[in-house]
Amino acid sequence: MYNLKITIRRLFKDKAFSLINIFGLVIGISSFLVLFIHVSNEKSFDKHFSGHQNIYRVTSVPGGLENAAWARSLGIVYAASEQIPEVELSTQFSHCGEGAIKMHETSIMQKDIMSVDEAFMTMFEVEPVVGDLSEISKPNTVFITEDFARKYYGSLNPVGQNITIEALQYTRDLGDYEIRGVVKNTHPKTHFRYELLVSQNGGLQERYASLPDRKIQWTYNYFKLQKDADPKLVADKVTAYYDNSSLKTTRGPQDYDFSLFPMDDIHLKSDYRFELRESSSKINIGLFILISVVVLSISLLNFTNLSIAKLIKRSKELGLKKSIGATKGQLVRQVLTEVFLVCSLAIGISLLAIESLKPVINRLFEIEFDIYFSEPVVYLTIIGVLLTCLLLTAIFVAVFLLARSSAIDILAGRNNFSGSYVLKSLLVVQVTIVIILISGTVLVNKQVNFVLNQPLGFDKENVVVLTVKDFSKDAGVFARELEKQTSIESVGFTQQHFGYPAQGFGLEGLGLEGTAEFVFANYDYLKTMNIKLIHNWIKPDADTVRGMVINNHLYQRLMERHGSMENLLTYSNAQPLRPGETRINFVGVAEDFNYSSAHESIGDFAFWLDEGGNRARFTHVRINNLHAGMEAIKSTWNEYYPNQELDYFFIDEKIAQQYKAETILSRILFAFSTIGILISIIGISALALFISQQRTKEIGIRKVNGATVSEILGLLNQSFVKWVLIAFVIATPLAFYAMSKWLENFAYKTNMSWWIFALAGVLALGIALLTVTWHSWRAATRNPVESLRYE
């Protein structure tokens, strides 16, 4: 209690020092908690399910398309599970990101609709609030979440009410579904979300029944394996089941690679197409941890520097207490009480600041950050920060201040800490961190700008994509009406847009191994996206262009195999057709383009051209005037599709979303690097102040002997320059290695330019010299008589 009173009195006595010390620690701890707790939240996804370590998602990837894997898989996977004894529980389900429902004659666009079975309810521990979950097996039943019930029914009991499902993915007019219960909302740390859980029987029964005999990847398949079962062995059994089925010989890719992906890794490590829930942290998680530890380290180093400088100034007080009988343990406890109080205060302020800034953090960094105080990681993190602060301070006091000096030495002021390698080592560490942060920030921004400006092989600017759901009308009429407007340049149709998962077709019939990606489109789509044709075999008098346009990458492979298009066609026409297959009519070769993103290299790709039908699902409109073009689109849309709300996006924004993880990383790295640099400036400033105070007598003597201010500044800065250069030598290879590993995530990457590290070194040197020069100038311009009198 005595130490506590003394500590509080001392904090209020030296308010400026206390505020600086607490402020620096608050910034560092807040930054660390935001990043580290966010990382902990991300890593704990799906861990709340019992037996989560034995749950796997089954994927089925057409041969040759390993880089374009889907999270969805073939329906035959579910049928195979019944023949595999290692599978304890199996479920298949569909997920509709946004569907159309009707309630009380009001149509609503509803997010996160899943069609599930009883096994889903069991495997993912759906908790009922009202109702019997087994009723999900009955035809046309639906369970709603608490949020949905509260939003649309308020205090009324929704059980027994009907919801009309007008459209899900690829299905329409499913009819009325009776609400049979209310379930708890999806756990926030789950890799999927649901608001409506609809039965697979009734309106969807025929579609589910056909899945084992179709090569479509519409459902998600999950296995819960018996304990110690080998997932590779189970995957091999699924493959064997497929190979022995009649499905293998039907139209589409012949070979599929089946694998089991651990559910525990889905949120952070799975980057397949059609993921159930977007995760922006898949490639950032390691860097988040690194940045959080770096910022906290800077903060703790800064706190330690300031505490050490303060303790050295109070060394005579400690020496006096030691001379009158105080033990080393008592002195250490006194110092640690002060450190504990300051750290606890800083942690408390940090938690309050984080809670109040949570909305700003989530909006600025586009993450889903929250502090779950019920989880032990929060308290373990806080305890870890406290122990680290106490340990660093205790080591210095016990080892460097008290153990190596007698009470007489301390009282006589014979210890000169300005040349201490401990303090200089702290300086080197801080400057090293600053250099790494600066170079990392510059390189990440350079790479993000590089991929965003990477030539894609098509023109992404000024293209609006309209999502069409009503195929009962002729989309060609709508397109022709749009093209009459002066603000519209062209209109094209496609079933998939750039970045949207494409289809796959086997290349065996063309004499190649593997599978190529393709999308259904019309010829005007190529013109709308400015995709250039290297070879054009389209007949000028053709009213409708039907056939395949392949990319140059696939064309070159085919020419290496066959030598000419004539030989290719001869070979292709000689191959027997399987049921449902047609001959390929090649109509052109397009320049290579990047369909997915710079994370993947260009592969085999084709457009299957025709007109009408669901090719108009994503209608691309190139406009030459933003305002006039959008007005023309809206008026024409409302006239032609009066019962459908206009749903659109700009293709350049959609492509930019593919680099959302890198953009978020860039923001976080810039923000927290700036914080780290500011904290480092405080720490370097504290060291410079302390060293200049330690050399006050030396400076006074030099001035009396005729030294000028510039000579003294040069003397004091000289040693700092040396330590900054040492820090640069240490930091450069570390930063180079870390950034090289990060760039491995990209198929196309910027150069690791030498000027990035040079710039970081110059900036770090400038920060150090400016800080040191300020304190050195103040010491050098003091009256030497006062300096010597002070000493």
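Every chain's residues receive numbers from 1 upward, in the order its sequence appears when written. The predicted nature of this model means local features are confined to residues of pLDDT at least 70 and side-chain atom pairs, given and counted, to a pLDDT of 80 or more, with totals for whole chains, interfaces and linings taken over all residues. Side-chain numbers here rest on the full set of heavy atoms in the structure, without hydrogens or water.

**Quick word on a nonpolar patch on the surface**
Applicable threshold: In this analysis, a patch consists of residues with relative accessible area above 30% that form no salt bridge, clustered at 9 Å for like charges and at 5 Å for the nonpolar side chains Val, Leu, Ile, Met, Phe, Trp and Tyr. Working definition of accessibility: Shrake-Rupley area with a 1.4 Å probe, residue cover restricted to the visible protein chains. One speaks of a salt bridge when a side-chain nitrogen belonging to Lys or Arg is within 4 Å of a carboxyl oxygen belonging to Asp or Glu. Numbering of helices and strands runs from the N terminus, with a helix taken as a DSSP run of H or I at least four residues long and a strand as a DSSP run of E at least two residues long.
On the surface, Phe 373, Tyr 379, Ile 383 and Leu 387 cluster together to form a nonpolar patch covering roughly 390 Å² of accessible area. Counting through the fold element by element, Tyr 379 comes out in helix α12 (residues 376-402).

**Considerations on the pairing of strand β19 (residues 618-623)**
Rule in force here: The rule is simple: take the accessible area with a 1.4 Å probe, protein chains only, and divide by the maximum for that residue type; under 20% is buried, over 50% is exposed, in between is partly exposed. Think of it this way: DSSP has to see at least two bridges between two strands before they count as a pair.
Where burial is concerned, most of β19 is hidden: six out of the six residues are buried. For strand β11 (residues 463-467) and β19, the ladder comprises five bridges, and the chain directions are antiparallel. Pairing of Val 463 across the sheet is with Arg 622, part of β19.

**Considerations on the layout of surface pockets**
Rules: Using only the protein atoms, space was sampled on a 1 Å grid; points where a 1.4 Å probe fits but cannot get out form cavities, open sets with protein on both sides within 12 Å along at least five of seven lines form pockets, and lining residues are those with an atom within 4 Å of a point. Grid points are joined across faces, edges and corners, and a volume is the space filled by probe spheres set on the points.
Roughly 1300 Å³ of internal volume is contained in the second largest pocket. Surrounding the second largest pocket, 45 residues form its lining, Gly 252, Pro 253, Gly 504, Phe 505 and Phe 518 being those nearest its centre. Those elements that place two or more of their residues in the lining of the second largest pocket are β13 (503-506) and β14 (515-521). If you tally residues by element for the lining of the second largest pocket, the top one is β13, at four residues.

**Considerations on the packing of aromatic side chains**
Convention followed: Between rings of Phe, Tyr and Trp, where Trp is taken as its six-membered ring, a pair exists when centres lie within 6.5 Å; planes separated by under 30 degrees are stacked, by over 60 edge-to-face, and by other angles tilted. By definition, being over a ring means that NZ of Lys or CZ of Arg is both within 6 Å of the ring centre and within 35 degrees of the ring normal.
The full count for this structure, using the stated rule, is 36 aromatic pairs. A ring pair is formed by Phe 93 and Phe 120, whose centres lie 5.0 Å apart and whose planes are at 70°; its orientation type is edge-to-face. A residue pair is termed long-range when its members are at least 10 positions apart, and Phe 93 in strand β2 (residues 87-103) and Phe 120 in helix α4 (residues 118-123) qualify at 27 residues. In this structure Phe 93 comes out as buried when scored by relative accessible area, which is 0%. Phe 120 gets classed as buried once you look at its relative accessible area, which sits at 0%. Where Phe 93 meets Phe 124, the ring centres are 6.3 Å apart and the plane angle is 90°; that geometry is what we call edge-to-face. Highlighted residues: Phe 93 in strand β2 and Phe 124 in the loop between α4 and β4 (128-130), separated in sequence by 31 residues. For Phe 124, a relative accessible area of 3% corresponds to the buried category. Here the aromatic residues Phe 49, Phe 93, Phe 120, Phe 124, Phe 192, Tyr 194, Tyr 220 and Tyr 222 are joined through ring pairs into a cluster of three or more. Looking at Lys 473, its charged tip hangs above the ring of Tyr 640, at a distance of 5.2 Å from the centre. Over the face of the ring belonging to Tyr 571 we find Arg 561, whose NZ or CZ atom lies 5.2 Å from the ring centre.

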